[in-house]
Amino acid sequence: MKKDDMSPIESKESELNSAELQMLQSSLAEQEDRSNIPPPERKKQSKLVKFAKKNTALTVIISVFVTALVALLVFLCVYMATGLANGKNKRDYLFTFGEEEIRIKYEKIVIDEVLYIDMNKLAQYAELSVSGSENTMKYVVSDEQYIKFTNESEYAIINATKVVIPAPAIIKNGTCLVPYDVISKAVETGIEFKSDRAKHTVSITRLTYTVEDVTYNEDITFSSADFTAVSAIQSTSGITFEYNADVTSYLQYIVPEDDTPYLMLVNPQNPLSESFVPENLSETPLPSKYTGQGELYYLDECASEALIAMVAAMYRDIPNNGAYVTSAYRDYQYQVELFEEYINGYIKKGYTRDAAEAEVLKTSARPGTSEHQSGLCVDFITSGMKNGLNNTDFEKTAAFKWLSDNAYKYGFILRYPENKTHITSYSYESWHYRFVGRDAATAIYFSDLCLEEYLEFI
Ligand SMILES: [Zn+2]
C-alpha cells in the first residue's frame with residue numbers, strides 16, 4: 001500500500017500500539033455515556049423563566065417595560081435635581097410694605113442672580129422725597145441725608161460719599177431697581193428689612209414708637225458705612241505743578257476764577273440746542289502752527305489760551321513729535337452737514353436711511369450731542385497718522401504720552417477714557433481733550449473718574 005492512498009485515521013491507527021488503542025477506545029466510550037446524562041441545572045430552572053423562554057414575544061415586552069421604567073426613574077431623578085429645582089426657585093417674590101402685599105414676577109426682580117427692589121416703591125412707603133431724571137434718581141430725607149442712583153452705574157452716592165455697589169442700578173419705565181442688599185444696608189434705623197431667600201419673601205416695615213398713646217414713625221437715615229467708598233478725590237491744594245514753559249501769563253486761564261462754565265456736561269443725555277453758541281467764543285483762531293493747515297479753529301477764550309500754553313509746552317518738551325489740533329469748535333450746522341455726509345456715504349452703499357443712521361451713530365455724535373459745539377474741546381493728530389484719527393496709531397505717539405502725563409496741569413482732561421465708555425456713552429477717544437480748568441482736571445486725573453462721575457460727586 002502506498003502511503004498516499006492511506007486515510008489519516010488509518011495512518012494514525014497504524015501508528016498506535018494496542019495499549020494506546022485501548023485507552024482511546026475507553027475514553028471515547030466514557031464521553032458517549034456522559035452525553036446521555038441530563039444536565040442537573042435544567043430541573044432547577046424556575047417556571048417563570050421556562051414560561052418566558054417558551055414565549056419570546058412576552059420576554060421582549062417585559063424587557064422593554066423594565067427598560068422604560070428604569071429610564072423614567074433616571075429622568076425623574078435628573079429632573080428633580082435640575083429642572084424641578086430651578087422651576088421651584090423661579091416662583092414669584094412676595095414683597096410686603098407694611099400692610100401692603102405685592103407679588104412680583106421672579107424675572108422682574110431677580111436680574112443676573114441679584115435680588116432687586118424698586119426704590120420708588122420704598123420711597124413711597126417711607127415718605128422720602130424723590131427727584132430725578134431719565135438717568136438718575138435721588139431719594140432725600142434731608143440736605144445731608146440722601147441716596148442717589150444712576151442708571152447702569154455701579155456707584156451710588158450716599159450723603160455725598162461715592163460708594164461702590166455690587167450690581168448696577170436699573171432706571172426705566174418709572175422704576176428704579178437697586179440691589180436689595182444695598183438698600184437694606186443703606187437705610188438705617190427707621191426701616192426694618194427682612195428677607196427669606198428660600199421662601200421668596202421680603203418684608204419691609206416702618207419702625208414706630210409711641211408716646212402717650214400717640215404713634216410716631218422712627219426717623220430714617222442713610223448710611224454709607226457698609227460700602228466701599230471710592231477713593232476720595234485728591235485735594236488739589238498742596239500739589240506743586242511743574243511746567244516746562246513759562247505759563248505765568250496763562251495761569252488766569254488755566255485756573256479760571258469760576259470754573260462753573262467749563263464744567264458744562266454735553267452728552268447724548270444732555271444735548272445742546274440748535275441755537276447754542278459758546279458765550280465767549282474767541283475771535284482769534286488758534287495759531288496756525290498748532291493746527292492743521294487750511295482751516296481756522298476756534299475755542300472758548302479761556303480754553304483757547306490754556307490750549308496755547310499746553311501745546312507750546314508740548315512742542316518744547318518733544319520737539320518735532322508734538323500733536324496738532326485737527327478739530328475744535330463745531331457749530332450745530334456743521335455737525336448736521338457732517339452727520340448727513342456720513343449717512344449719505346452709507347446710503348450710496350445700499351443702506352436704508354435708518355440703517356445708515358444706526359451705522360453712523362456707532363462712531364459719530366448726533367447733531368447737538370457733540371461736545372465740540374461747546375467750544376471747550378479739541379482733537380489732536382500727528383503728522384505721522386496717515387489713516388486719520390484712531391487709537392492704535394495715536395497711542396504710539398510721544399504726543400499721546402505727553403498729553404496723558406501733562407494735560408491736567410493746563411486744565412484739560414482725556415474726556416472719553418477707555419474704562420468709562422459705559423458712563424460717557426462714547427467710545428474710547430485717545431485724541432479728544434476737554435478743558436475743565438486745572439482744579440477739576442487735577443481732581444479727575446488723580447481720582448480716575450470721568451467728567452460725568454466727577455460732576456455727580458461734587
Ligand atoms: Zn473730538
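The rules behind the values
- Residues numbered from 1 in each chain as written.
- Predicted model: local features only at pLDDT ≥ 70, side-chain atom pairs only at ≥ 80, totals over all residues.
- Helix = DSSP H or I, 4+ residues; strand = E, 2+ residues; numbered from the N terminus.
- Contact = placed C-beta atoms within 7 Å.
- Core = buried A, V, L, I, M, F, W, Y, C linked by C-beta atoms within 7 Å.
- Buried ≥ 20, exposed ≤ 12 C-beta atoms within 10 Å, placed from the backbone.
- Axes fitted to C-alpha atoms, helices over the stretch in contact; angles between N-to-C directions.
- Parallel < 35°, antiparallel > 145°, perpendicular 65-115°, else oblique.
- Left-handed = near helix turned anticlockwise from the far one by under 90°.
- Nonpolar A, V, L, I, M, F, W, Y, C, P; charged D, E, K, R; others polar.
- Pairing = 2+ DSSP bridges.
- pLDDT = per-residue confidence, 0-100.
- Arc of directions from axis to C-beta.

**Quick notes on the overall build of the protein chain**
No. 1: A count of helices and strands for the protein chain gives 18 helices and 22 strands.
No. 2: A separation threshold of at least 6 residues defines the contact pool for the protein chain, and within that pool the share at least 24 residues apart is 62%.

**Considerations on the nonpolar core**
No. 1: Ranked by internal contacts, the top residues of the largest apolar core, which has 52 residues, are Ala306, Met310, Phe380 and Ile413.
No. 2: With 10 residues, helix α11 (residues 301-317) is the largest single contributor of residues to this core.
No. 3: Every residue in contact with Ile413, bar those within four places of it in the chain, is listed here: Ala407, Tyr408, Tyr433, Arg434, Val436, Ala441, Ile444, Tyr445 and Leu451.
No. 4: Core analysis: the next-biggest nonpolar cluster, separate from the first, contains 32 residues, Ile117, Tyr139, Ile147 and Tyr155 among them.

**Brief notes about the packing of helix α12 (residues 332-348) against helix α13 (residues 353-361)**
No. 1: Look at α12 against α13: their axes get within 8 Å of each other, and the N-to-C directions meet at 120°. Accordingly, the angle class assigned to the pair α12 and α13 is oblique. At the point where α12 passes α13, the crossing takes the right-handed sense. On α13, the residues that touch Phe339, Tyr342, Ile343, Tyr346 and Ile347 of α12 are Arg353, Ala356, Glu357, Glu359 and Val360.
No. 2: Residue classes in the contact of α12 with α13 are distributed as seven nonpolar, no polar and three charged.

**A look at the sheet that holds strand β19 (residues 324-327)**
No. 1: Taken together, four strands build an open sheet; the order of strands is β19-β20-β22-β21 and the sheet is antiparallel. This sheet does not close on itself; its edge strands, each paired only once, are β19 and β21 (412-416). Adjacent strand axes in the sheet meet at a mean angle of 50° when their direction is disregarded.
No. 2: Where β19 and strand β20 (residues 377-381) come together, three bridges link them in antiparallel fashion. Paired with Ser327 across the strands is Asp379, a residue of β20.

**What to know about unusual backbone geometry**
No. 1: A positive phi angle, near 55°, is found at Glu127, a position not held by glycine.
No. 2: Note that Glu127 resides in the loop between α8 (119-126) and β5 (129-132).
No. 3: By the C-beta count within 10 Å, which is 11 here, Glu127 ends up exposed.
No. 4: The backbone of Asp213 sits at a positive phi, close to 65°, despite the residue not being glycine.
No. 5: Structurally, the position occupied by Asp213 is in the loop between β15 (208-211) and β16 (214-217).

**Observations regarding the pairing of strand β14 (residues 201-206)**
No. 1: Pairing analysis gives four bridges linking strand β1 (residues 93-97) to β14, with the strands arranged parallel. If you follow Phe95 over to β14, its bridge partner there is Val202.
No. 2: Judged from the six bridges that link them, strand β13 (residues 191-196) and β14 form a sheet pairing that is antiparallel. Along β14, the bridge assignment pairs Asp196 with Thr201.
No. 3: Where β13 folds back onto β14 in an antiparallel hairpin, the turn is made up of four residues, including His200, whose phi is positive at roughly 60°.

**Description of the confidence of the model for the protein chain**
No. 1: Across the protein chain, the average pLDDT comes to 84, with 79% of residues at 70 or higher.
No. 2: Here residues 1-16 scores under 50 on pLDDT; set against residues more than four positions off or in separate chains, the count is three contacts.
No. 3: Note on residues 32-37: pLDDT under 50 across the span, and zero contacts to partners over four residues away in sequence or across chains.

**As for helix α15 (residues 398-406)**
No. 1: Along α15, the residues classified as buried are Ala399, Trp402 and Leu403. The buried residues of α15 occupy an angular sector of 95° when the element is viewed end-on, so they sit on one face.

**Here we look at the sheet that holds β14**
No. 1: Strand order in this open sheet of four strands is β2-β1-β14-β13, and the pairing throughout is mixed. The open sheet has two edge strands with one neighbour each: β2 (100-104) and β13. Strand-to-strand twist in this sheet, taken as the mean axis angle between neighbours without regard to direction, amounts to 15°.

**Some details on the environment of Tyr324**
No. 1: Structurally, Tyr324 is set in strand β19.
No. 2: As a C-alpha pair, Tyr324 and Val311 span 13 residues in sequence and 7.9 Å in three-dimensional space.
No. 3: Apart from residues lying up to four places away in sequence, Tyr324 is in contact with Tyr290, Thr291, Gly292, Phe380 and Ile381.

**Structural notes on the environment of Ile413**
No. 1: Here Ile413 lies in strand β21.
No. 2: Spatially, the C-alpha atoms of Ile413 and Phe435 are 6.5 Å apart, while their sequence positions differ by 22 residues.

**Concerning the environment of Phe339**
No. 1: Examined against the element boundaries, Phe339 turns out to sit in helix α12.
No. 2: Counting along the chain gives 28 residues from Phe339 to Pro367, while the straight-line C-alpha distance between them is 7.1 Å.
No. 3: Once residues lying within four places of it in the same chain are set aside, the contact partners of Phe339 are Val360, Ser364, Arg366 and Pro367.

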